[in-house]
Amino acid sequence: MGLECPAIIFISCLCLIGQTAGNHGEGHKGPEEGTDRCQGWEKDLRNNLSAPGNISDYLEGLNESISNLSPGCVQSFSLNISYSTLMELMEFLNAKYNNLKPGTRKQIYKWVETIYTKTSGPYGMSSWNPKPNGTSTWNPKHNEKQQGKPNNNYGHDKGKGKGKGKGRWITLAVLNILGRFIVQAPTSTLKSIAGGKNSTICQLFNTSSDLLDKLHDLTPVQARIFLKGLDECDNVDIKNETVIAKLGQLACFYPDKQLKLLEMEAVEALKNKLLNCTRNLRKIYEMLVKNINVSTLNGEGLKKLGASVIGLNANQVSNLSDAAVADALDELKKVKGWSKGQIKVLVKKYQKVKNVTADNLKNLGILVSGVGAKIFNKFKGQALLNAFSQEDVAESPKAMLPVQKKSIMKAILKSVKIDSVLGLLPESLVSQIPVDKLKNADNITLDFLSKNKPWNKGQSVTLINRIKDQLKDVKNISKLKIVVKGIPCSFINSLKPDVVKALANNPLVSSNQIRCFSKKFFKEQIASRPNYFSELTKEDINEFLVSYMIFQPDIKDLKLIPRPLCTNMVELISQANITMLPRSSPRRKELLDYATNCLRVNASSMTEDQGNSLGSLVCAFSAAEIQNLNKTVFLEIVDQLRECGRFDNEKETNLRGKILSAYPPLSNWTVDELIQLGGLLAVLKPEDFKLIPNNDDIKTALEEILSSRKSAENFIPPDFDSFPNFRFLYQKLFDIVNHKSAIRRARRETVPDKTQGPTSEQIEALGEANNLWTPDHLRNILVEDFIDSLETLTAVTGFTDQQLEALKSKAIQAYGMMITNDQLASLKKITLAFTTEEVKKYFTKPDIDTIGAISDYKEWANMRSLQAEIIVQNFLDGRNDNDLSSTDLVGMGYFLCTRKWDQIMKINASAYSSAARDIGTKICPKPEILTALKVKAVEAFSNVESWTGAQLQEIGVVAAGLTAEEVPKLMISAVSFLTPAAVSQFLPNVLSAMTIEQLRNLGPQNYGAVTEAQKKAMTKEKLNALNENAGYARIIGGAGSVYWNPVMMLTLLVLSLTAALH
């Protein structure tokens, strides 16, 4: 008993010290003091805006850095600004608009809005004289300058709600000040400046302003508002060719109804304006060429169609004469926006007139993507390389299948030395160079790698290894571009601090590299100063990079930082992108709790400014915290919440409740609510969407939201999968499109047919939402509509087996009993619906281009394996597996997963090595197939213990075929270069055989791919090591160990000495 009391006192002291360690100086500063949303040069910019005098010279020095201007800093800009300074700054920002972050653009608009709606406007308007160059759009006339200051009657309009005064502050002069930033305005504001005979838009249109030419990021809804506004203007008729010539980017959204009424001169004027558009114009061009009888067109007639030729439907393209296509090729090859189907037909027609050779390949320009892999195989390497060095031909691989690109690269490397290839190869083919070839190149220099070529990760590892001895200083390492992702952590740990910091400032580094940088930085600081965190200064914090905060310091260390400095830390943490942490990482919530504790706030007491200052930390709000947010704070942080992506379970429920309570009734929603919420709309339920109006603006907004959220093609680690589930948004779009069509049918038919097939127009409008048609609807599509919309239908990922069966039936009806290989290739995923008997009937002699077009579906490897085996057998046509080339192996895709062990063993090791990267992207479902391919990888790349990071990237998923005895042999420096897809496929007993150091170095992305079954197979010690990749603190000494910080150690020493003295 005599020893128990001192022990209790000792433990109590430790607990008290541990709890108060983060509270040094508490009460010395308020929670808002010390925070600053601007960093470095941003502070100078903000200060200069309030200072007297001209800022032109100062702004010129920001040409490079302005692209990094943060939204948070803009929020803190002063509202007390002179008119001349505002004009100068906005002119500068408009010139740099394309380089600014989307969030920054939005905040700049809001800042100008606040100046004009919450203050009496910028001062000094009457005394400022614009620069006398007479040419700038931004030099307003005297009367326009006077309009730039708001009338006091509405100078305090807060710009909220849907009142008529929503946009009254935007006069012509203010519109010219805003420039391109006007597209950041809500649609309700745009409607208020585009309504009436003398609206601001009417006034703009009657000046010489070129603003409309510059609105490249205009949305369809915004364009519709402006066009409707112009329709209301006096003396403006948008069907007139002179007016069309002034429409600028509005021409890219020319309304369908007006298109039908245009005279020939107006059509030509419109076609001329459309050449400056960057959006997809297919729909407009389809309307322009809809009634053209193409069978009568000769080469000259086809040329005269210009860019509108891409509007020809599949039937029209098929009916073009071969001679007309060949004669018009010089013009056709310049046109951008062709579909893959159109290109294939055009190339086939050209080939009937002229034989395609490597020398005349350049005559096809961008249409080269329609040339098959089997044709590229016949060409000589140098002639092929020369053709692809031409700019328009160099663009064509972007629309090619992997098998085509492999065929091109194989032919080139067969006869051309790698050094010559590196000098001439277009960027679109760079990623196709095998890493083994790069090892032997002589012209790999630092200057060569400073060029922004799109190297893949495996290539980057190889290239970095070639020049690593030159990367020991700041100047050299700062030159690296994309290739920087090939630097392993082991090399980072050997670099000096200033070199590491220069590397960490590279925006292209990976999350694992960021983890290495931050870990190294703080380890070195603690080593030099044992009480580093408890003695931290503001100067120390100024040395921290924002990216370091994602993984470091450990939360226990953050709590040691003196309280007066915690706001400085929160400012840094809030700028870090915590979505780089796995969704399950507890560090996300720990960082949020640290920030709210520092600011002394909780969700219910939080102000708008405090909510805004949290940045991406809002993604870590718990369901209860979301529930407790007041409405104004919630509305303020919606932009931040929207970027979080997917929310789960109770969070989703509470977000829905918050949206319904904070926003107007659903029946009153407009485009503004949809666009502002974006991905957050995924939390709404079907009954909510039914209450949202069905109109063209809502439809267009839904299309815009859905098109901006395309799923990634490559494997996404489940713990990083933040894509919202848009199934109910697709249903809403489907309902709107169907509703409009039903009304039109009801006008035509006495008894509408409820199973009538969708038209090509409906199919094109719906995109992925076409998976909501019933099989009967799909079965009843008209043949012509099926052919015209086939590319859209084959791009849909969510069709069921029954829907694919219906589409297959329609395909057989459309193409007859003699379906060609090209037609089979065009069916893509629909081919999965062919039965074994149908496969035998239609896939009699599939070539490499047919195989390559349909092999990307994993269903061939399991549910359709019988059909797949027949297709492969007919493709081989008597050849053995050892005859397969690297092009064949790439083209086979998931068909390769159906081969048996002995067949895989016959594959040529050299062919496998060249095709390994493509094979490694296919997740074969049977472990024995992965094991067989792994044996082939050992034959091609030597023993497992020698596999480099570059080779692991090439091998890809095949690495999951390793055994429990082989896995521990992988080099620790290489394991982070395992692909997440490979990690997800390791058998649990195999992944758990990794050493603690291997697991510790796996990397965040690979951590996100580890399954629950794999984690359960690990010991607690190994699981702790794995968890370090997700931002967990390292546990020293295993389970039950205690972390001894310096303060605790000092206390122990004092108590020990005291005990000794007694």
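Note that the structure is a prediction, hence the values are computed from the model and not measured.

What counts as what
Residues numbered from 1 in each chain as written. Predicted model: local features only at pLDDT ≥ 70, side-chain atom pairs only at ≥ 80, totals over all residues. Heavy atoms only, no water. Helix = DSSP H or I, 4+ residues; strand = E, 2+ residues; numbered from the N terminus. Buried < 20%, exposed > 50% of the residue type's maximum accessible area, 1.4 Å probe, protein only. Contact = heavy atoms within 4.5 Å. Areas by Shrake-Rupley, 256 points an atom, 1.4 Å probe, with all protein chains shown as cover. Disulfide = S-S within 2.5 Å. Phe/Tyr/Trp six-rings, centres within 6.5 Å; stacked < 30°, edge-to-face > 60°. Lys NZ or Arg CZ within 6 Å of the ring centre and 35° of its normal. Expected span 1.5 Å × (residues − 1). Salt bridge = Lys/Arg side-chain N within 4 Å of Asp/Glu carboxyl O. Axes fitted to C-alpha atoms, helices over the stretch in contact; angles between N-to-C directions. Parallel < 35°, antiparallel > 145°, perpendicular 65-115°, else oblique. Left-handed = near helix turned anticlockwise from the far one by under 90°. Nonpolar A, V, L, I, M, F, W, Y, C, P; charged D, E, K, R; others polar. pLDDT = per-residue confidence, 0-100. Polar contact = N/O pair within 3.5 Å; in protein donor to acceptor, adjacent residues only side chain to side chain.

Draft legend 1. Spatial organisation of the overall build of the protein chain. Scanning the protein chain from terminus to terminus reveals 68 helices and 0 strands. Looking at the 1062 residues of the protein chain, the share that counts as buried comes to 53%. In the protein chain, 74% of the contacts between residues at least 6 apart in sequence involve partners at least 24 apart. When the accessible surface of the protein chain is summed, it comes to about 46,900 Å², and 51% of that surface belongs to carbon and sulfur atoms.

Draft legend 2. A look at the state of the cysteines. Evaluation of the coordinates by the stated rule reveals 6 disulfides. One disulfide bridge connects C489 with C516, the sulfur atoms lying 1.6 Å from each other. On the sign convention where negative means left-handed, the S-S torsion of about 60° between C489 and C516 marks this disulfide as right-handed. Taken together, the positions of C489 in helix α32 (residues 489-492) and C516 in helix α34 (residues 511-528) put the pair 27 residues apart, joining distant regions of the chain. Comparing C489 with C516 shows no difference in burial state: the two are buried. In this model, C619 is linked to C644 through a disulfide, with the two sulfur atoms separated by 2.0 Å. The sign of the -85° torsion about the S-S bond sets the C619-C644 disulfide as left-handed. You can see C619 sitting in the loop between α39 (608-613) and α40 (623-628) and its partner C644 sitting in the loop between α42 (638-642) and α43 (649-662), a full 25 residues away along the chain. Of the two residues examined, C619 and C644, each falls in the buried class.

Draft legend 3. Examining the packing of aromatic side chains more closely. One pass over the full model with this rule turns up 20 aromatic pairs. Aromatic side chains F734 and W773 sit 4.7 Å apart centroid to centroid with 70° between the ring planes, which places their arrangement in the edge-to-face category. Of this pair, F734 sits in helix α47 (residues 727-748) while W773 sits in the loop between α48 (760-766) and α49 (775-779); the two residues are 39 residues apart in sequence, bridging distant segments of the chain. Take F734: its relative accessible area is 8%, and that puts it in the buried class. Taken together through their ring pairs, the aromatic side chains of F521, F522, Y532, F533, F544 and Y548 make up a single cluster. Taking the ring centre of F205 as reference, the NZ or CZ of K246 above it sits at 4.7 Å. R879 extends its terminal NZ or CZ atom over the ring of F875, reaching a point 5.1 Å from the ring centre.

Draft legend 4. Quick look at the environment of N319. Along the chain, the position of N319 falls in helix α18 (residues 314-319). Here N319 falls in the partly exposed class, since its relative accessible area comes to 41%. Along the backbone, N319 and N293 are 26 residues apart, and their C-alpha atoms lie at a distance of 9.1 Å.

Draft legend 5. Quick look at α43. Compared with the 20 Å implied by 1.5 Å per residue over 14 residues, the 20 Å span of α43 between its first and last C-alpha is a close match. Taken residue by residue, α43 has N654, L655, R656, K658, I659 and A662 as its buried positions. On its buried side, α43 packs onto α40, α41 (631-636), α42, α44 (671-677) and α45 (686-691).

Draft legend 6. Looking closely at the pattern of salt bridges. Taken as a whole and judged by the stated rule, the model has 43 salt bridges. Between K273 and D213 there is a salt bridge, with its nearest N and O atoms 3.5 Å apart. Residue K273 is found in helix α15 (residues 264-274), and its partner D213 is found in helix α11 (residues 211-214); the two are separated by 60 residues along the sequence. Residue D801 pairs with R864 through a salt bridge whose shortest N-O separation is 3.4 Å. Taken together, the residues D801 in helix α52 (residues 801-815) and R864 in the loop between α55 (848-854) and α56 (865-876) connect sequence positions 63 residues apart. For D801, a relative accessible area of 40% gives the class partly exposed.

Draft legend 7. Representation of the packing of helix α37 (residues 566-575) against helix α38 (residues 586-599) within the structure. With their axes 9 Å apart at the nearest point, α37 and α38 run at an angle of 140° to one another. Relative to α38, the element α37 is oriented oblique. Crossing hand, α37 versus α38: left-handed. Of the residues in α38, those in contact with C566, T567, M569, V570 and I573 of α37 are L591, Y594, A595, C598 and L599. The class makeup of the residues in the contact of α37 with α38 is 9 nonpolar, 1 polar and no charged.

Draft legend 8. A look at the confidence of the model for the protein chain. Across the protein chain, pLDDT averages 88, with 88% of residues at or above 70. Across residues 127-164, where pLDDT falls below 50, the model places 80 contacts with residues more than four positions away in sequence or in other chains.

Draft legend 9. Quick peek at α15. All buried positions along α15 are accounted for by A266, V267, A269, L270, K271, K273 and L274. Summarising the contacts, the buried residues of α15 are in contact with α11, α13 (241-244), α14 (256-259), α16 (282-289) and α17 (299-304).

Draft legend 10. Quick look at the packing of helix α59 (residues 909-919) against helix α60 (residues 927-941). Remark: α59 packs on α60, axes separated minimally by 9 Å, with the N-to-C direction vectors making an angle of 115°. Handedness of the crossing formed by α59 with α60: left-handed. Within the contact between the two elements, α59 uses A909, Y912, S913, A916 and I919 and α60 uses L933, K936, A937, E939, A940 and F941. Residue composition of the contact of α59 with α60, grouped by class: 8 nonpolar, 1 polar and 2 charged.

Draft legend 11. The side chain of D888, seen in detail. With respect to the helices and strands, D888 occurs in helix α57 (residues 886-892). A relative accessible area of 9% places D888 in the buried class. Of note is the side chain of D888, whose polar atom sits 3.0 Å from the backbone nitrogen of S885. Once you skip the residues sitting within four places of it in the chain, D888 turns out to touch I848, F875, R879 and D883.

Draft legend 12. Spotlight on unusual backbone geometry. Following Q552, the chain continues into P553 via a peptide bond in cis, with omega recorded as -5°. Even without being glycine, N235 reaches a positive phi, approximately 60°. The residue N235 is located in the loop between α12 (220-231) and α13 in this model. We classify N235 as exposed; its relative accessible area is 82%. Look at N649: it is not a glycine, yet its phi comes out positive at around 45°. You can call N649 exposed: its relative accessible area is 67%.

Draft legend 13. View of the environment of K290. When you line up the elements, K290 lands in the loop between α16 and α17. Separated by 23 residues in the primary sequence, K290 and N313 have C-alpha atoms spaced 8.1 Å apart.

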